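# Structural features, examined
Single-letter residue listing:
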Amino acid sequence: MIEVRELTKYYGFKKVVDNISFTAEKGEILGFLGPNAAGKSTTMRMITGFIPPSSGTAVIGGFDITSNSLSAREKIGYLPENAPAYIDMSVYHYLEFCAEIRGFSGTQKAQKVRDTIDRCFLSGVTHQTIGTLSKGYKQRVCFAQSIIHDPEYLILDEPTDGLDPNQKHEVRLMIKDMSEEKAIILSTHILDEVDAVCSRAIIIAGGRIVADETPADLRKKSAMHGAVTLSLKTGDTQTLLSCLGNVPDVKSVELLSNEENNIKVRVFPEDKNSLLADKLLVTLMENKYQVQSAWVEQGRLDDVFRMITA
Amino acid sequence: MRTTKVLNNIKAVFKRELTGYFGSAVAYVFIVIFLLLIGFFTFNISNFFEVGQADLRAFFQWHPWIFLFLVPAVAMRLWAEERRLGTIELLLTLPVTLGEVILGKFLAAWFFLGISLLLTFPMVLTVIYLGSPDLGAIFCAYLGSFLMAGAFLSVGIMTSSLTRSQVVSFIVAVVICLFFILAGFSPVIDVLSGWAPRWLIGLVSQLSFLTHFASIEKGVLDFRDLLYFFSVIFFMLFANAVVLENRRTA
């Protein structure tokens, strides 16, 4: 378990991270979200022991990162922002160094390096110098470095930054595959990513935690959540709108588009848990409307994100 | 248990540094330039052959001056490069102590300088061919030169941790090294005399690399000279750790 206790960091007189506390259990993928300069990287740097906190601490698998740093660091795999790597080394030599420093030697070391190269799809560039690799490969080399010792705790700062959609997908699959026996914290500002991989999301803004929920619960905060979007064929917009407006439990109706008798409307409910779609469809059927499609909105994360961080 | 781990970590950092050197052009450029310069000064400026003596005085007297520029050039990247690439964040979050990393880096660079020194062996073969030199004195001179290189290097690695710019690191290192070379001589002493107390002048004049190197070069292995170089190295590496620790808290 990673236990973050009241972490605070000042740069000069500026409070960059303000009293952040949370825990991450094994089996969890914790998404760390926030606008740029919200304090994501600073928090991760404190958890991994790169910079000491002004106050508070992080306990990693029972070891305090400030007082028992070495033992805590042994348990962590860390992918820093921008995926730094030694540009004048070959991929193989670099991973060999990482394995050595993690305490492996001999055949076990060679085995670890080979396994990691396979897992991160690096076999094509094993003996290439890291400086000559593309951004996507560099990112994967740095990712490989973080998992080579099969750590219990993984801290990934923007692991898919700068990757193309295919590579993003691959990295996300890798992260998901590993999540069962590890606690993973990953920071991102890509909201799709939270949906795709995270089991829990923490949103921070201005150095403070402003939300700590599952992505589904977060989405419920969206104004869109529970609204029904309908598309149907009719010429008479006004009649339709008043008809929908009279359905019980409807708060408001929004006309989205009206093209050649093809109308798209969104109906917002009074109470998000009511079965609005059912009531709407019954009413529309009674009035002989032809419904082309109807779906219930789940809400959008970026709306919620903007709502609570702006 | 802990000691093997410390040694293992130092070895891993040491190995990585060396592969880094030989993976880029730095190592080869350095060795070639070092050998060319030392040859040029020995034969063309000191007129090694015309002097008609089977010793290596003409060769060793140039070492401090060549090291003055070449060693900071080797040292300047040690931390500045880590900072520029961002790899310092990786390195310092690995389960290694700052001391292990500094020692590993320092020993790797020192080892590399040692290799460059060893590659001057044709000079020794030449004097052996020409006459019967005092081999013990030559060995001592090499040892002194190696220790002095280590002292220069420790200054360079310390200044490298001060900045992310290799150029700044290089210049500051050259200035500090120049001070160490000239400490016992008029340029530095003249600045001090007149206002500094006598003990301070005495202390500063004892700090010169040149005087300590000269006494070893003569073939006299004095414990105080060895102690001098090792304490300079220790002090600079310690200062390096303090600088890094401070920059982390900032």
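Residues numbered from 1 in each chain as written. Chains lettered and ligands numbered in written order. Predicted model: local features only at pLDDT ≥ 70, side-chain atom pairs only at ≥ 80, totals over all residues. Heavy atoms only, no water.

## Examining the sheet that holds strand 9 (residues 200-205) of chain A
All names here are of chain A. Within the open sheet, the 6 strands sit side by side as 6-7-8-3-9-10. Their pairing is mixed. Single-partner strands in this sheet number two, and they are strand 6 (76-79) and strand 10 (208-213). Taking the axes of each pair of neighbouring strands and ignoring which way they run, one obtains an average angle of 15° across the sheet. In terms of strand pairing, strand 6 meets strand 7 (residues 153-157) through 4 bridges, oriented parallel. By the bridge assignment, I76 is partnered in strand 7 with Y153. In the packing of helix 5 (residues 135-147) onto the sheet, contacts are made with strand 6 and strand 7, and the angle to strand 6 comes to roughly 170°. (Pairing = 2+ DSSP bridges. Helix = DSSP H or I, 4+ residues; strand = E, 2+ residues; numbered from the N terminus. Axes fitted to C-alpha atoms, helices over the stretch in contact; angles between N-to-C directions. Contact = heavy atoms within 4.5 Å.)

## Considering the interface of chain A and chain B
Counting residues at the interface gives 30 residues for chain A and 30 residues for chain B. In total, about 2700 Å² of surface goes out of reach between chain A and chain B, with carbon and sulfur atoms giving 62% of it. The largest contributions to the chain A side of the interface with chain B come from F50, Y86 and I101 of chain A, which together make up 25% of the buried area. Joining chain A to chain B, the criterion identifies 4 salt bridges. Linking chain A to chain B there are 10 residue pairs in polar contact (both at pLDDT 80 or more). Those elements that provide at least two residues to the side of chain A that touches chain B are strand 1 (2-11), helix 2 (69-74), helix 3 (91-101) and helix 5 of chain A. Among the elements that line the side of chain A that touches chain B, the one with the most residues is helix 3 of chain A, at 6 residues. (Buried area = accessible area lost by both parts, 1.4 Å probe. Salt bridge = Lys/Arg side-chain N within 4 Å of Asp/Glu carboxyl O. Polar contact = N/O pair within 3.5 Å; in protein donor to acceptor, adjacent residues only side chain to side chain.)

## Brief notes about the side chain of E100 of chain A
Turning to its location among the elements, E100 of chain A is positioned in helix 3. Residue classification places E100 of chain A among the buried positions, given a relative accessible area of 8%. Among the polar contacts listed, one links the side chain of E100 of chain A to the side chain of K15 of chain B, at a separation of 2.6 Å. Excluding its chain neighbours within four sequence positions, the residues that come into contact with E100 of chain A are K109 of chain A together with N8, A12 and K15 of chain B. (Buried < 20%, exposed > 50% of the residue type's maximum accessible area, 1.4 Å probe, protein only.)

## As for helix 5 (residues 63-75) of chain B
Residue and element names in this part refer to chain B. The end-to-end C-alpha distance of helix 5, which contains 13 residues, comes to 17 Å, matching closely the 18 Å that a straight helix rising 1.5 Å per residue would cover. Roughly 30° is the biggest bend found in helix 5, and it falls at F69, with proline P72 one to four residues downstream. By the criterion of burial, helix 5 is predominantly enclosed, with 10 of the 13 residues buried. Every buried residue of helix 5 is listed here: H63, P64, I66, F67, L68, L70, V71, P72, V74 and A75. (Expected span 1.5 Å × (residues − 1). Bend = angle between axes of the 7 residues up to and from the residue.)

## Points about the sheet that holds strand 2 (residues 14-24) of chain A
Residue and element names in this part refer to chain A. Here 4 strands make up an open sheet; going across it, the order is 2-1-4-5 and the pairing antiparallel. Of all strands in the sheet, those bounded by a partner on one side alone are strand 2 and strand 5 (63-64). Here strand 1 runs beside strand 2; their pairing, made up of 7 bridges, is antiparallel. Looking at strand 2, one finds that I2 is bridged to A24.

## Concerning the packing of aromatic side chains
In this structure the tally under the stated criterion is 25 aromatic pairs over all chains. Where F14 of chain B meets F111 of chain B, the ring centres are 5.6 Å apart and the plane angle is 65°; that geometry is what we call edge-to-face. Here F111 of chain B lies in helix 8 (residues 98-118) and F14 of chain B lies in helix 1 (residues 2-23), a separation of 97 residues in the sequence. What makes F111 of chain B partly exposed here is its relative accessible area of 41%. The interplanar angle of 40° and the centroid separation of 5.3 Å between the aromatic rings of F106 of chain B and W110 of chain B together place this pair among those described as tilted. A residue pair is termed a helical-turn pair when its members lie 3 or 4 positions apart in one helix, as F106 of chain B and W110 of chain B do in helix 8 at 4 residues. The buried category is assigned to W110 of chain B, whose relative accessible area is 10%. The ring of Y86 of chain A carries R16 of chain B above its face, with NZ or CZ at 3.5 Å from the centroid. (Phe/Tyr/Trp six-rings, centres within 6.5 Å; stacked < 30°, edge-to-face > 60°. Lys NZ or Arg CZ within 6 Å of the ring centre and 35° of its normal.)

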